[in-house]
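One letter stands for each residue in the lines below.
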Amino acid sequence: MNIGEIAKRAGVSRSTVSYALSGKRAVSDHTREKIQRVIDELGYRPNASARALANGRTNTIGLVFPPAGDHYTGMQLDFIGSVVEAGATYDYDVLLSPSGVDSDRSFQRLLGERRVDGAILMEIRLQDDRVDHLLAENFPAVCIGRTARPEGDWWVGLDHTALAAACVHHLADLGHRRVALVNRPERLLRAGYESAHRGLEGFTKAAAERGLTVRTYTCGDDAPSGQACLERILYDDPATTALVTLNEAALGGLYRGLSHAGRHVPRDFSVTGVVAARWAETVTPQLTAADMPAAQMGRLAVELLVERLDHPDAPPRHHLLAPPISLRASTGPAGTGPAGSVAPTPPGSDLNA
């Protein structure tokens, strides 16, 4: 079924049907109702490509989101779900592109073929050529995360600097003096991932303010890497009594490593970090953490993008979120050291996947 058949049955021209569907020109209420009755009788659904040509909109948002390694982590999947759900409320579909750099063919197709009306970018780097390219092309886009100079961008961000610092201050208030940081993989730190860099900045600055002895570690985005990282922490400094993690995918492995080492959480060892609430609540004991609001960030990003599309001349806007630490059960006062703990052994795994 096509526009020509609808026009024939409704007794109007093809262009009148097109105008009624696209809204580009005024059509009388009587004519519009007549066309709609035919459409309803025939069960007609306009072709998406034809509709895009007619009204200049695809009703599709691009989500440019490179996976962490060879898979998406649980937190990344939460973000994807939040964008899809928020997009649906505005009648937008979501097209996922795994592009991490401007030169990726998927990213080039997304822009060059205008498959989407606008884009949401994730895993932002401090210097991000994808953001620069979209800005140069005046292509509507919103970042979840922020570059080193985000003044001209539209973005939704989490204040990783403040949140990592809050975790350090929480541990210091409990009397912990030797604390470790578990960050994202080394390759992401080298690539300039803003969350990893800003979290590291907040951790080190707060630790210096409190006079703590600290070590920082990069860690692969999976449980085995988390366990290996924990083994390295205790091998490097057996007197460590707490850690802050920015890596939710490694959380289960960190807990397992502590268990194998005979360190009870939180009696012997405290754990906190920046983690989505539903992941913080899957471990035992539940993680005291600054809960990453994935659903809220996805919704805000979609709202900003829709605003950009509806008001192309609007000045850039942003949201910087800093949720408080949710006190659960994984942190406690620093003790004198674990009783009957397993002696640390040299770790045999690569932590920097």
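All values reported here derive from a predicted model rather than from experimental measurement. (Residues numbered from 1 in each chain as written. Predicted model: local features only at pLDDT ≥ 70, side-chain atom pairs only at ≥ 80, totals over all residues. Heavy atoms only, no water.)

Q: I'd like to hear about empty space enclosed by the protein, residue by residue, with values.
A: The final tally for this structure, using the stated rule, is 2 cavities of 30 Å³ or more. Taken as a whole, the largest cavity encloses approximately 400 Å³ of empty space. For the lining of the largest cavity, the per-class residue count stands at 15 nonpolar, 8 polar and 5 charged. Roughly 50 Å³ of volume is contained in the second largest cavity. As for the second largest cavity, its lining consists of Arg178, Val179, Ala180, Thr213, Val214, Arg215, Tyr217, Ile233, Asp237 and Thr240. Elements that contribute at least two residues to the lining of the second largest cavity include exactly strand S6 (178-183) and strand S7 (213-218). Looking at the lining of the second largest cavity element by element, the count peaks at 4 residues for S7. Residues that form the lining of the second largest cavity fall into these classes: 5 nonpolar, 2 polar and 3 charged. (1 Å grid on protein atoms, 1.4 Å probe; cavity = no way out; pocket = protein on both sides within 12 Å on 5 of 7 lines; lining within 4 Å. Points joined across faces, edges and corners; volume = space filled by probe spheres on them. Nonpolar A, V, L, I, M, F, W, Y, C, P; charged D, E, K, R; others polar. Helix = DSSP H or I, 4+ residues; strand = E, 2+ residues; numbered from the N terminus.)

Q: I'd like a rundown of helix H1 (residues 3-10), residues and numbers included.
A: Residue pairs spaced three or four apart in an α-helix point in one direction, given the helix's 3.6 residues per turn. Residues Gly4, Ile6, Ala7 and Ala10 constitute the buried set of H1. For H1, the angular spread of the buried residues around the axis is 160 degrees, confining them to a single face. Relative to its buried face, H1 has exposed residues pointing more than 90 degrees away, namely Lys8 and Arg9. After H1 finishes, the residue glycine 11 shows a positive phi value of roughly 70 degrees. (Buried < 20%, exposed > 50% of the residue type's maximum accessible area, 1.4 Å probe, protein only. Arc of directions from axis to C-beta.)

Interpretation note: all reported values are geometric properties and have no functional meaning in isolation.
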